[in-house]
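# Architecture and fold: a report
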Amino acid sequence: MASRLPISAREFSGFMSKVNLKYKERIGVAVSGGMDSMALCYLLNQYCKKSGNQITAFIIDHQLRKESTKEASQISNILSTLEINNKIMKIQWKNVNISDLKTDNPNSSFPTKSQYETFARIERYKLLAKGCNEYKISSLFVGHHLNDQLETLIMRLSRGSGINGLASMSIISKFPVIRNIEAIGLQIVRPLLFVTKDRLKETCIEANIPWVEDPSNQSMDHKRNVVRFSLDKFNKRYHVERKKEYEPLTTEGLSRFMSHMQYHKNCINSQVNEIINHSEIKFDKSNGICTLILPDPIPTSHWILQKHLAIRIISKIITFVKCSEQPPRLESVMRLYDHILSFSTLSKTSRILPSHNMTSKYNNITLNNVLLCYEKKANHVLEAYEDILYEYWTFCRQPFSSKEESKSTIIIQNGQVVLWDKRFFIGINLVSQEVKKETLNDSDNSILLQPQYYIRRLCNKDIYGIIEAKTEATHAIYKDIIERYKKSAPSIARFCIPAVIEKSYFISSGNILRESEKIVSIPTLGISLKPESISCWAKFRGNVLIDMDDLVKNNFIP
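Quantities reported herein were computed from a predicted structural model and do not represent experimental measurements.

## Some details on the overall build of the protein chain
Across its full length, the protein chain holds 16 helices and 21 strands. By the burial criterion, 47% of the 558 residues in the protein chain qualify as buried. About 29,100 Å² of surface is accessible on the protein chain, with carbon and sulfur atoms providing 50% of the total.

## Some words on the environment of N164
With respect to the element layout, N164 can be found in helix 7 (residues 163–166). Residue class for N164 comes out partly exposed when judged on its relative accessible area of 38%. Spatially, the C-alpha atoms of N164 and N266 are 9.1 Å apart, while their sequence positions differ by 102 residues. With residues near it in sequence (within four places) discarded, N164 still touches R156, K265 and N269.

## What about the sheet that holds strand 15 (residues 424–430)?
Adjacent strands of a sheet pair through backbone hydrogen bonds, lying either parallel or antiparallel. Spatially, 3 strands are ordered 14-15-21 in an open sheet, and the strand pairing comes out antiparallel. Each edge of the open sheet carries a strand with a single partner, namely strand 14 (417–420) and strand 21 (534–540). Put simply, the sheet's adjacent strands are angled 25° from each other on average, direction ignored. Pairing of strand 15 with strand 21 involves 7 bridges; the strand directions are antiparallel. Considered in strand 21, the bridge of N429 is made with S535.

## As for the sheet that holds strand 3 (residues 85–90)
What the 6 strands build is an open sheet, ordered 3-2-1-4-6-5; its pairing is mixed. Strand pairing shows two members of the sheet lacking a second neighbour, strand 3 and strand 5 (172–174), which therefore form its edges. Strand-to-strand twist in this sheet, taken as the mean axis angle between neighbours without regard to direction, amounts to 30°. Contacting strand 1 (26–30), strand 2 (54–61) and strand 4 (139–141), helix 2 (residues 35–51) runs over the sheet at an angle of about 165° to strand 1.

## Thoughts on the pairing of strand 8 (residues 289–296)
Each regular strand shows side chains that alternate between the opposite faces of the sheet. Extensive coverage of strand 8 is indicated by the burial of 7 of its 8 residues. As paired elements, strand 7 (residues 281–284) and strand 8 share 4 bridges and run antiparallel to each other. Paired with I281 across the strands is L292, a residue of strand 8. Joining the antiparallel neighbours strand 7 and strand 8 is a turn of 4 residues, in which G288 adopts a positive phi near 75°.

## With respect to the packing of aromatic side chains
What the rule picks out here adds up to 10 aromatic pairs. The interplanar angle of 65° and the centroid separation of 5.9 Å between the aromatic rings of F58 and Y135 together place this pair among those described as edge-to-face. Placement of the pair is F58 in strand 2 and Y135 in the loop between helix 5 (116–134) and strand 4, with a sequence separation of 77 residues. The buried category is assigned to F58, whose relative accessible area is 1%.

## Some remarks on the packing of helix 1 (residues 9–16) against helix 2
Two numbers describe how helix 1 lies on helix 2: the axes approach to 10 Å, and their chain directions differ by 85°. For the element pair helix 1 / helix 2, the angle class is roughly perpendicular. Where helix 1 abuts helix 2, its residues F12, S13 and M16 lie against L40, L43, L44 and Y47. Its residues placed into classes, the contact of helix 1 with helix 2 shows 6 nonpolar, 1 polar and no charged.

## A few points about helix 1
When helix 1 is considered as a whole, its buried residues turn out to be F12, F15 and M16. Angular distribution of buried residues about the axis of helix 1 spans 95°; they occupy a single face of the element.

## Comments concerning the environment of L449
Tracing the backbone shows L449 in the loop between strand 16 (447–448) and strand 17 (452–457). It is 7.8 Å that separates the C-alpha atoms of L449 and I507, two residues lying 58 residues apart in sequence.

## Description of the pattern of salt bridges
Applying the stated criterion across every chain yields a total of 17 salt bridges. Put simply, R199 and E11 hold a salt bridge, and the shortest N to O gap is 2.7 Å. Within this pair, whereas R199 is found in helix 8 (residues 197–206), its partner E11 is found in helix 1, the two being separated by 188 residues in sequence. In this structure, R397 engages E404 in a salt bridge whose closest nitrogen and oxygen atoms are separated by 3.5 Å. Given a relative accessible area of 9%, R397 falls into the buried group. Salt bridges sharing common partners tie together R397, E404, D421 and R423.

## Here's the deal with the side chain of D421
Along the chain, D421 falls in the loop between strand 14 and strand 15. Of the polar contacts made by the side chain of D421, one reaches the side chain of R397; its length is 2.7 Å. A polar atom in the side chain of D421 sits 2.6 Å from the side chain of R423. Each residue touching D421, except ones within four places of it in the same chain, is listed here: R397 and F400.

## Brief notes about helix 5
In an α-helix there are 3.6 residues to a turn, and that puts residues three or four apart on one side. The first and last C-alpha atoms of helix 5 sit 27 Å apart over 19 residues, in line with the 27 Å expected at 1.5 Å per residue. F119, A120, I122, E123, Y125, L127, L128, A129, G131 and C132 are the residues of helix 5 that are buried. Count one or two residues on from helix 5 and you reach K136, which has phi positive near 55°.

## Considerations on the environment of Q92
When you line up the elements, Q92 lands in the loop between strand 3 and helix 4 (98–101). Overall, the relative accessible area of 37% leaves Q92 in the partly exposed class. Sequence separation of Q92 and H62 is 30 residues, and the distance between their C-alpha atoms is 8.3 Å.

## With respect to the packing of helix 2 against helix 8
Viewed as axis vectors pointing N to C, helix 2 and helix 8 meet at an angle of 60°, and their least axial separation amounts to 9 Å. With respect to their mutual orientation, helix 2 and helix 8 come out oblique. As helix 2 packs across helix 8, the resulting crossing turns out to be left-handed. Each of M35, D36, M38, A39, Y42 and L43 in helix 2 lies in contact with helix 8, whose residues at this interface are K197, L200, K201, T203 and C204. Here the contact of helix 2 with helix 8 is built from residues that sort into 7 nonpolar, 1 polar and 3 charged.

## Some remarks on the confidence of the model for the protein chain
The predicted model of the protein chain has a mean per-residue pLDDT of 83, with 80% of residues at 70 or higher. Across residues 347–361 the pLDDT falls below 50, and counting only partners more than four positions away or on other chains, this stretch makes 28 contacts in the model. Confidence over residues 548–558 falls short of pLDDT 50; this stretch has 36 contacts with residues more than four positions distant or in other chains.

Rules behind the numbers
Residues numbered from 1 in each chain as written. Predicted model: local features only at pLDDT ≥ 70, side-chain atom pairs only at ≥ 80, totals over all residues. Heavy atoms only, no water. Helix = DSSP H or I, 4+ residues; strand = E, 2+ residues; numbered from the N terminus. Buried < 20%, exposed > 50% of the residue type's maximum accessible area, 1.4 Å probe, protein only. Areas by Shrake-Rupley, 256 points an atom, 1.4 Å probe, with all protein chains shown as cover. Contact = heavy atoms within 4.5 Å. Pairing = 2+ DSSP bridges. Axes fitted to C-alpha atoms, helices over the stretch in contact; angles between N-to-C directions. Phe/Tyr/Trp six-rings, centres within 6.5 Å; stacked < 30°, edge-to-face > 60°. Parallel < 35°, antiparallel > 145°, perpendicular 65-115°, else oblique. Nonpolar A, V, L, I, M, F, W, Y, C, P; charged D, E, K, R; others polar. Arc of directions from axis to C-beta. Salt bridge = Lys/Arg side-chain N within 4 Å of Asp/Glu carboxyl O. Polar contact = N/O pair within 3.5 Å; in protein donor to acceptor, adjacent residues only side chain to side chain. Expected span 1.5 Å × (residues − 1). Left-handed = near helix turned anticlockwise from the far one by under 90°. pLDDT = per-residue confidence, 0-100.

If you want it as structure tokens, here you go:
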């Protein structure tokens, strides 16, 4: 049986020694009001009194239950009594993009019952990121414990997860949801991963720390609750009813299993990172494109033929391109992998050798918003006296549908940072807000209004306008950038990057409101057509969702 002793200050200090906080560093803690987060908050506060660190507790009012606001206030009062600085933050569902929630009722501000957990989690982490940014905090502590680990393990076993899914959570990891710019650079700290919930309960009882019971924890509508109750019922057969044939699912045994999986995960990932660093895999970290270059024919020793390694590399590529917080399902990865092998393993006699400087193109495949393009290129090598074939497999966002295009057109204001297409963080700053009269092709009596800026996908007319421009020396540089981008991006997916548009309004002498539009920036390419008045920047979200330090550092666009 696991120990039920409360956690001592000395033991918790040992947990914190693995975190390596700086002296007087500010830290945050997410407090739900349950016994796990209340115990963590109490232990952290005791630790900070000795270490000199400053603690701020963040309480999220989800506003999905009538009692949530009252409970948040109750938790805040408890923490204030303990002299713990705290802040309540409310999820404003009316500000959430309704189209992203896919509600059954289009007039409702709430997601469907089956979705609200996912969207509440996203909104919760967005608020936590803002809170950490406000208080200049880089480490957010959460109360995940050993029982959480085991429940997650059972759920992942049930859906057939691989090594990565079956390994345990890490004590320190990247922020799990990066949907706003404030989340970049944050880390999550879980110091209680090897502590059972029983011990956290005893810690609260001994310290006389009250907690709030969330009624949703008893609902059988949530899969985690079903797993928790099933584990309790199964183990009860052994511990209470003394039925020896029911060997319990102990925390110790499952912990050992997760440790084994973690070891194998580290071994496999080490090989994967080595391949990525030394293979022809080119990540365009500005525009979210990745190209895999394979020799033709494929040598029998090539990593692409080692399935256990290849599917993990393709999984990383898909995660990068899709900007997904979670890796893709195995079946999706396998379909793309099988598609690559279907071309790569053809016998050389069945291939048609393209002439020098020619390319041969075959069918592309689209799966879960990822477009995989195939192109065969021949490079002439003088020493070999022949053309050497290479297969270019380019992963990118699938082309916009008309519905997606309308949804992705968003207004952006001066000083604002927005997440466009869930892939790019984009910000603009007006260098000068002075409205210049000479920009109008109208009479002197016209009145120019303040322009509006919005973001949409890049269009062919935008590129054509820049390339055809005959003025300014900088346009020659922009033409070169565009030509290099066109070589790196398949034509079918070339227009999936953002463009910043200026929309001008003016009232003519006839008192008629007129408008005109023009592109002012392609931020991912570093193109700015009005640098004297507006500064734009873009950051691809996929860079921060996977460990880009392990990836090749060369970009297509310098």
